[in-house]
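# Notes for the structure review
Each chain, written out:
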Amino acid sequence: MSTTTVTGQRSTTTVAGRMGALARAELTLLGRSRATLVSVVLVPLLLPFSVRAAVDEMDLKEAGLTVGTVLLPAAVGFSLLFAVYGALTTAYVTRREELVLKRLRTGELRDREILVGAALPACGIGVAQSLLLAVGCGVLLDVGAPSAPHLALLGLLLGIVLCGALAAVTAAFTRTAESAQVTALPMMFVSMLGSGVTVPLEVLPERLASFCELLPLTPVITLVRGGWTGDLSGYDALGAVATALAWTVLAVFAVRRWFRWEPRR
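Here's what I pulled together on the structure shown here. Keep in mind that this is a model prediction, so the values were computed, not measured.

Reading the values: rules and limits
Residues numbered from 1 in each chain as written. Predicted model: local features only at pLDDT ≥ 70, side-chain atom pairs only at ≥ 80, totals over all residues. Heavy atoms only, no water. Helix = DSSP H or I, 4+ residues; strand = E, 2+ residues; numbered from the N terminus. Rg over C-alpha atoms; globule rule 2.2 N^0.38 Å. Buried < 20%, exposed > 50% of the residue type's maximum accessible area, 1.4 Å probe, protein only. Contact = heavy atoms within 4.5 Å. Areas by Shrake-Rupley, 256 points an atom, 1.4 Å probe, with all protein chains shown as cover. Lys, Arg positive; Asp, Glu negative; His and termini not counted. Charge placed at Lys NZ, Arg CZ, Asp CG, Glu CD. Phe/Tyr/Trp six-rings, centres within 6.5 Å; stacked < 30°, edge-to-face > 60°. Core = buried A, V, L, I, M, F, W, Y, C linked by side-chain atoms within 4.5 Å. Expected span 1.5 Å × (residues − 1). Bend = angle between axes of the 7 residues up to and from the residue. Disulfide = S-S within 2.5 Å.

### Digging into the overall build of the chain
- Within the chain, the secondary structure is distributed over 12 helices and 2 strands.
- For the chain, the α and β elements follow one another from N to C terminus as β-β-α-α-α-α-α-α-α-α-α-α-α-α.
- In summary, the chain has a C-alpha radius of gyration of 19 Å against a globular reference of 18 Å for 265 residues, a match within 12%.
- Principal-axis analysis of the C-alpha atoms places the extent of the chain at approximately 70 × 40 × 35 Å.
- Counting across all 265 residues of the chain, residues that qualify as buried make up 48%.
- In the chain, once contacts between residues fewer than 6 apart in sequence are set aside, the share between residues at least 24 apart is 78%.
- Surface accessibility of the chain: about 13700 Å² in total, with carbon and sulfur atoms responsible for 64%.
- Charged side chains in the chain number 22 positive and 18 negative. The centres of these two groups are separated by 16 Å.

This is how it looks when you write it as structure tokens:
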């Protein structure tokens with residue numbers, strides 16, 4: 001139940017109370033979908049170790065990297081893509097097609113509260129999962145503690161916000177809940193192959209790496225990896241933050257402009 005303040009005969013709910021109630025309802029619905037739970041919980045946990053063999057074949061020493069400093073940011077990237085971006089895209093489309101979003105708009109909830117409140121469970125799972133994987137990779141792959149933890153934490157937070165906003169953008173152009181799994185694939189594939197998740201930018205040709213630096217998830221992976229290696233300069237860190245913020249602003253603008261609250265017919 002949401003937090004309530006009573007004055008005379010009038011009752012008003014707080015923003016935190018409204019969003020908390022919506023988040024609890026969304027978490028309940030998330031727990032009832034086995035397919036979603038598998039993609040949100042199990043897939044991000046297994047993928048980093050499934051690409052271990054491919055990473056072992058890369059020439060990482062020349063780039064100043066190790067298997068651990070590649071797989072650890074990759075684990076965070078997989079969590080952001082599957083636990084946050086993919087899960088939220090499906091959730092937004094499903095709730096819209098079921099007229100849940102339309103009904104919520106008739107109450108006290110504002111548009112941004114609906115989107116953020118519905119995103120809280122997935123974002124919470126993404127954060128917890130990323131921290132768990134970071135600790136696990138740090139122990140199993142002998143990565144050690146981060147040299148610049150503030151950069152890693154900043155990268156994770158920027159990634160959570162960005163992936164949530166991009167999920168709403170993708171949902172705006174997705175017709176059905178079934179097709180959400182398809183419309184989310186381009187972002188996932190591009191990020192996994194070009195944002196340094198599975199293939200570090202340091203081992204790519206210079207021109208291709210320069211282009212990939214501008215992809216949405218690249219600054220997040222750059223900050224997380226730089227947080228552990230400690231070799232990310234202040235200039236590069238600011239550039240990564242600026243790129244992530246630019247994508248976030250563009251995504252928020254797109255949501256405000258094109259997000260649909262009623263079923264697409």
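### Re the packing of aromatic side chains
- Taken as a whole and assessed by the stated rule, the structure comprises 4 aromatic pairs.
- Among the aromatic residues, ring-to-ring pairing joins Tyr 92, Phe 259 and Trp 261 into one connected group.

### Notes on the nonpolar core
- Ranked by size, the top nonpolar core spans 61 residues in total, and within it Leu 80, Tyr 85, Leu 88, Tyr 92, Leu 217 and Phe 259 carry the most contacts.
- Within the residue set of this core, elements represented by two or more residues are helix 4 (67–97), helix 6 (111–140), helix 7 (149–172), helix 9 (185–194), helix 11 (218–229) and helix 12 (234–258).
- Among the elements that take part in this core, helix 4 stands out by supplying 15 residues, more than any other.
- Every residue in contact with Leu 80, bar those within four places of it in the chain, is listed here: Tyr 85, Leu 156, Gly 159, Ile 160, Cys 163, Leu 217 and Val 220.
- Core analysis: the second largest hydrophobic core is formed by 9 residues, Ala 148, Leu 158, Leu 232 and Val 241 among them.

### Focus on the environment of Cys 137
- Locating Cys 137 in the fold gives a position in helix 6.
- Residues Cys 137 and Arg 105, spaced 32 residues apart in sequence, show a C-alpha to C-alpha distance of 42 Å.
- Look past the residues within four positions of Cys 137 in its chain and what remains in contact with it is Leu 71, Leu 72, Ala 75, Asp 142 and Val 143.

### Looking at helix 6
- Over its 30 residues, helix 6 runs 43 Å from end to end, which matches the ideal 44 Å to within 8%, given 1.5 Å per residue.
- At Leu 120, helix 6 shows its maximal kink, close to 40°; a proline, Pro 121, follows between one and four residues later.
- Of the residues trailing helix 6, Asp 142 is marked for its positive phi of about 55°.

### Details of the state of the cysteines
- For the structure shown, the criterion picks out 0 disulfides.
- Free of any disulfide, Cys 163 has its nearest cysteine sulfur in Cys 123, 8.7 Å distant.
- Using a relative accessible area of 0% as the deciding quantity, one classes Cys 163 as buried.

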